[in-house]
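Spelled out from the first residue to the last, the chains are:
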Amino acid sequence: MIEVKNLTKHFGDNAVLNGITETIQKGEKGVGIGPSGSGKSTFLRCLNLLESPTGGEIWFEGKNITAKGIDIDAIRCKMGMVFQHFNLFPHLTVLQNITLAPVTLKRQTKGEAEERAKKLLDRIGLLDKADVYPGSISGGQKQRIAIVRALAMNPDVILFDEPTSALDPEMVGEVLELMRELADEGMTMVVVTHEMGFAREVGTRVLFMDGGVIVEQNKPDEFFSNPQHPRLKDFLSKVL
Amino acid sequence: MAVLIGISSGEGGHKFSMSDFLQVINRVLIANEGWKVILSGLGKTIEIAFFAIIIGTVLGCLFALMKISTIKPLRWFANLYTTVIRGIPMVTQLMIFGFVIFSGKNEIMVASLAFGINSGAYCTEIFRAGIQGVDKGQMEAGRSLGLSYPQTLWKIILPQAVKAVLPTYTSEFIALIKETSVASFIAVTDLTKAGDMIRNATYNPWVPLFTVALIYLAMTLGLEKAFSRLERRLAQSDRS
């Protein structure tokens, strides 16, 4: 579904990604872990071109999205993204946050979009928050609404950029729970996180990034019980 | 009031009473139809300020968008505009417009244009700061949902920017009204000039000048009230 070929990204003289080649299959839940500055967030943000790669190619559903003249907006409709800081739109109500994109892009009529948004809100138990503004809800609620906002576009894959890193500890659980549900329903997910428990239980493949490359990757069980590379061993000994 | 009059008055040597006060007002503003001069001046001031703020706001929007654009010549041109306009005194600009560029044209129109172009440069900076003050994550969230750059700008960034710039925009509005008081440099009989003419004709400085001052104050105060009302309405989404 997503094919990355020799991806590089430099910020000025600073090389953040040093040639990544990786394939994410449909239905996979790829979880990227690694120390700060390892390039994992940049890698994720390159996948939907929020960062434009310095070199290499990214193919999505058979299209080279790094090619010139590609309609990136159309691609992004199929690639949802969830951010560390939620990035809900503070001037819109919760319901409007969810319906804005499908209605603006004429994917759904206003009525359809609202009905679907309410169903999604009901599912996460926040239907009563439909008409409030994001300023008055908790971080965990914001992030769950951000996930639902991405879902409203019916994406084929959702990218999660450290979705629980900005949350108070007691709110991490509710967000991970929703992500776990999506995973169980078969959503293709690429997640960058520090939640080792989530990587182990929900991931179908765990990738360890350091120094702008993927140092090691494996099925979660093997990955955590039998790490090979010394840098991964060192990293796991610190975080587990 | 009596103290004030006592100090500033040249009306005879005796102590002032209320009826003297009314007599002076009558002599300076009513009997010789000075109020008509003031009223006509006020009309011109309002006319100039009204058109100038429209021109300034439109130019401000346009050049602010140019300043944040990725197209270099547009940025360059917008920078040239704000640098030149903000670096030359208003009166000098006004005279250049009145006596060089539009020499012999309707002076109200020329003044409106000059003040509008001048105010536009300040509006540009106000709007640019407002747009750039909106969290970067908002643009990313909009784009990640598949919205185009203009769609995100229009539906997500600008509504938040407008809210943020309203207080500074109000100040610019008020400053503009006061600035128009130099319009007489190109022979516009605005409110200030009207007061001055009455002073000359009646040899009484305080009645016309305080009258003019009070009218300016009433206008700026009224605007301030109107805008703070608008601000409160827009702040709705910030309330929990």
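Everything below is about the structure shown above.
The numbers attached to residues start from 1 for each chain and follow its sequence in the written order. Chain letters and ligand numbers both follow the written order, the letters beginning at A and the numbers at 1. Owing to the predicted nature of the model, reporting of local features is limited to residues with pLDDT of at least 70; listing and counting of side-chain atom pairs is limited to 80 or more, with chain, interface and lining totals taken over all residues. Just so you know, side-chain values use all the structure's heavy atoms and leave hydrogens and water out.

S.K.: So what's going on with the overall build of chain A? Which residues, and what values?
M.R.: Secondary structure elements are defined from DSSP: runs of H or I of at least 4 residues count as helices, runs of E of at least 2 residues count as strands, and each element is numbered from the N terminus. If you tally the helices and strands in chain A, you get nine helices and 10 strands. Computed over the C-alpha atoms, the radius of gyration of chain A is 18 Å, within 12% of the 18 Å expected from 2.2 N^0.38 for a compact globule of 240 residues. If one aligns the C-alpha atoms of chain A with their principal axes, the spans along those axes are about 55 × 45 × 30 Å. In chain A, which comprises 240 residues, the proportion classed as buried is 55%. The contact criterion used throughout is that any non-hydrogen atoms of two residues lie within 4.5 Å. Taking the contacts inside chain A whose residues are at least 6 apart along the sequence as the reference set, 67% of them involve residues at least 24 apart. Of the roughly 10100 Å² that chain A leaves accessible, carbon and sulfur atoms contribute 47%. When charges are counted, Lys and Arg are positive and Asp and Glu negative, with His and the chain ends excluded. To locate a charge, take atom NZ for lysine, CZ for arginine, CG for aspartate or CD for glutamate. Distance between charge centroids for chain A: 4 Å, based on 28 positive and 32 negative side chains. We compute the radius of gyration from the C-alpha atoms alone; for a globule the expected value is 2.2 Å times N to the 0.38, where N is the number of residues. Any residue under 20% of the maximum accessible area for its type is buried, any over 50% is exposed, and the rest in between are partly exposed; the area is computed with a 1.4 Å probe on protein chains only. Every accessible area reported is derived by Shrake-Rupley at a probe size of 1.4 Å, with residue values counting cover from the shown protein chains alone.

S.K.: So what about the nonpolar core? Which residues, and what values?
M.R.: Side chains of nonpolar character tend, in soluble globular proteins, to be buried together. All names here are of chain B. To qualify as a nonpolar core, a set must consist of buried Ala, Val, Leu, Ile, Met, Phe, Trp, Tyr and Cys residues joined through side-chain atoms within 4.5 Å. With 50 residues, the main nonpolar core has F115 and Y169 as its most contacted residues. For this core, the secondary-structure elements that each account for two or more residues are α2 (18-31), α3 (34-67), α4 (72-86), α5 (90-101), α6 (107-133), α8 (149-179), α9 (191-202) and α10 (206-234). In this structure, Y169 is in contact with I53, T57, C123, I126, F127 and F227, ignoring residues within four places of it in sequence.

S.K.: Quick one: what's the story with the packing of aromatic side chains, residue by residue and with numbers?
M.R.: The description of an aromatic ring pair rests on the distance of the ring centres and on the angle between the ring planes. Only rings of Phe, Tyr and Trp enter the pairing, Trp through its six-membered ring, and a pair is recorded when the two centres are within 6.5 Å. The plane angle decides the type: under 30 degrees is stacked, over 60 is edge-to-face, the rest tilted. With the rule as written, the count across this model stands at 11 aromatic pairs over all chains. Measuring from centroid to centroid gives 5.2 Å for A:F208 and A:F235, while their planes differ by 40 degrees, and the two rings are tilted. In this pair, A:F208 sits in strand β9 (residues 205-210) while A:F235 sits in helix α9 (residues 230-239), placing the two residues 27 residues apart along the sequence. Across the pair, exposure class does not vary: A:F208 and A:F235 are buried alike. Pairing B:F63 with B:F77 gives two aromatic rings, centres 5.8 Å apart and planes at 35 degrees, and the pair type is tilted. With a gap of 14 residues between them, B:F63 in helix α3 and B:F77 in helix α4 connect regions that are remote in the sequence.

S.K.: Before we move on, can you summarise the packing of α3(B) against α9(B) with the specific residues and values?
M.R.: Two packed helices can be described by the angle between their axes and the distance between those axes. All names here are of chain B. Interaxial distance between α3 and α9 falls to 7 Å at its minimum, and their mutual angle equals 160 degrees. Taken together, the axes of α3 and α9 are roughly antiparallel relative to one another. Read as a crossing pair, α3 and α9 show a hand that is right-handed. Here α3 contributes G34, V37, I38, G41, L42 and T45 to the contact with α9, which in turn contributes L191, A194, G195 and I198. The residue inventory of the contact of α3 with α9, partitioned by class, reads six nonpolar, four polar and no charged. Axis lines are fitted to C-alpha atoms, over the contacting stretch for helices. Their N-to-C directions set the angle, which ranges from 0 to 180 degrees. Our angle categories are set so that under 35 degrees counts as roughly parallel, over 145 as roughly antiparallel, 65 to 115 as roughly perpendicular, and the remainder as oblique. Here a crossing is called left-handed whenever its near helix is offset anticlockwise from the far helix by less than a right angle, and right-handed whenever the offset is clockwise. Here the nonpolar group is Ala, Val, Leu, Ile, Met, Phe, Trp, Tyr, Cys and Pro; Asp, Glu, Lys and Arg are the charged ones; every other residue, Gly included, is treated as polar.

S.K.: Lay out unusual backbone geometry in plain terms, naming residues and giving numbers.
M.R.: For A:N154, which is not glycine, the phi dihedral falls at a positive 50 degrees. Along the chain, the position of A:N154 falls in the loop between α5 (139-151) and β7 (157-161). Exposure remark for A:N154: the relative accessible area of 40% places this residue in the partly exposed category. With phi around 65 degrees, B:E33 is a residue other than glycine that occupies positive phi space.

S.K.: Report on a nonpolar patch on the surface, specifying residues and quantitative values.
M.R.: What goes into a patch is any residue over 30% in relative accessible area without a salt bridge, connected to like charges within 9 Å or, for nonpolar side chains (Val, Leu, Ile, Met, Phe, Trp, Tyr), within 5 Å. Salt bridge, as applied in this entry: a Lys or Arg side-chain nitrogen positioned within 4 Å of an Asp or Glu carboxyl oxygen. A cluster of nonpolar side chains, B:M95, B:I96, B:F99, B:V100, B:I101 and B:F185, forms an exposed patch at the surface whose accessible area comes to about 570 Å². Of note, B:F99 is situated in helix α5.

S.K.: Describe in detail the packing of α8(B) against α10(B), supporting the description with residues and values.
M.R.: Residues and elements named next belong to chain B. At a minimum axis distance of 10 Å, the contact between α8 and α10 shows a crossing angle of 170 degrees. For the element pair α8 / α10, the angle class is roughly antiparallel. Packed against α8, whose contacting residues are K163, L166, P167, Y169, T170, F173, I174, I177 and K178, the element α10 presents Y216, M219, T220, L223, E224, F227, L230, E231 and L234 at the interface. Taken together, the residues that form the contact of α8 with α10 break down as 12 nonpolar, two polar and four charged.

S.K.: Summarise the environment of A:A152; cite the residues concerned and give the values.
M.R.: Residue and element names in this part refer to chain A. By the secondary structure assignment, A152 is in the loop between α5 and β7. Remark: the alpha-carbon pair of A152 and D221, spanning 69 residues in sequence, is separated by 33 Å. Residues contacting A152, with those up to four places away along its chain left out, are I98, P102, Q108, R116 and L120.

S.K.: Would you mind going over the sheet that holds strand β2 (residues 14-24) of chain A in detail, with residue names and values included?
M.R.: Within a beta sheet, neighbouring strands are joined by backbone hydrogen bonds and run either parallel or antiparallel to one another. All names here are of chain A. Reading across the sheet, the four strands line up as β2-β1-β4-β5 and stay open at both edges, with antiparallel pairing between neighbours. For this open sheet the edge positions go to β2 and β5 (63-64), each flanked by a neighbour on one side alone. If DSSP finds at least two bridges between two strands, the strands pair. Relative to β5, strand β4 (residues 55-60) runs antiparallel, the two sharing two bridges. In the strand pairing of β5, W59 is matched with N64. Relative to the sheet, helix α1 (residues 40-47) contacts β1 (2-11), β2 and β4, its axis offset from that of β1 by approximately 120 degrees.

S.K.: A description of the pairing of strand β6 (residues 79-82) of chain A should follow, citing residues and the corresponding values.
M.R.: Where a strand is regular, its side chains alternate between the two sheet faces. Residue and element names in this part refer to chain A. Neither face of β6 is left uncovered, since the one carrying M79 and M81 and the one carrying G80 and V82 both have all their residues buried. Here four bridges tie β6 to β7, and the two strands are oriented parallel to one another. What sits directly across from M81, in β7, is L159.

S.K.: With reference to specific residues and values, describe the interface of chain B and chain A.
M.R.: The interface is formed by 20 residues belonging to chain B together with 24 residues belonging to chain A. Of the roughly 2000 Å² buried between chain B and chain A on both sides combined, carbon and sulfur atoms contribute 61%. Across the contact surface, chain B and chain A share two salt bridges. Of the charged contacts in the structure, one is a salt bridge between A:R45 and B:E140, with a shortest N-O distance of 2.6 Å. For this analysis, a polar contact is any N or O atom pair within 3.5 Å, provided that within protein one partner can donate a hydrogen and the other can accept it, and provided that sequence-adjacent residues contribute only side-chain to side-chain pairs. Taken together, the links from chain B to chain A amount to six residue pairs in polar contact (both at pLDDT 80 or more). Only α7 (136-144) and α8 of chain B provide two or more residues apiece to the side of chain B that touches chain A. The leading source of residues in the side of chain B that touches chain A is α7(B), at seven residues. Tallied by class, residues from the side of chain B that touches chain A come to five nonpolar, 11 polar and four charged. Two parts placed together each lose some accessible area under a 1.4 Å probe, and adding up what both lose gives the buried area.

S.K.: Mind laying out α1(A), listing which residues take part and the relevant values?
M.R.: Most of α1(A) is tucked away, with seven of its eight residues classed as buried. Within α1(A), the full set of buried residues consists of A:K40, A:T42, A:F43, A:L44, A:R45, A:C46 and A:L47.

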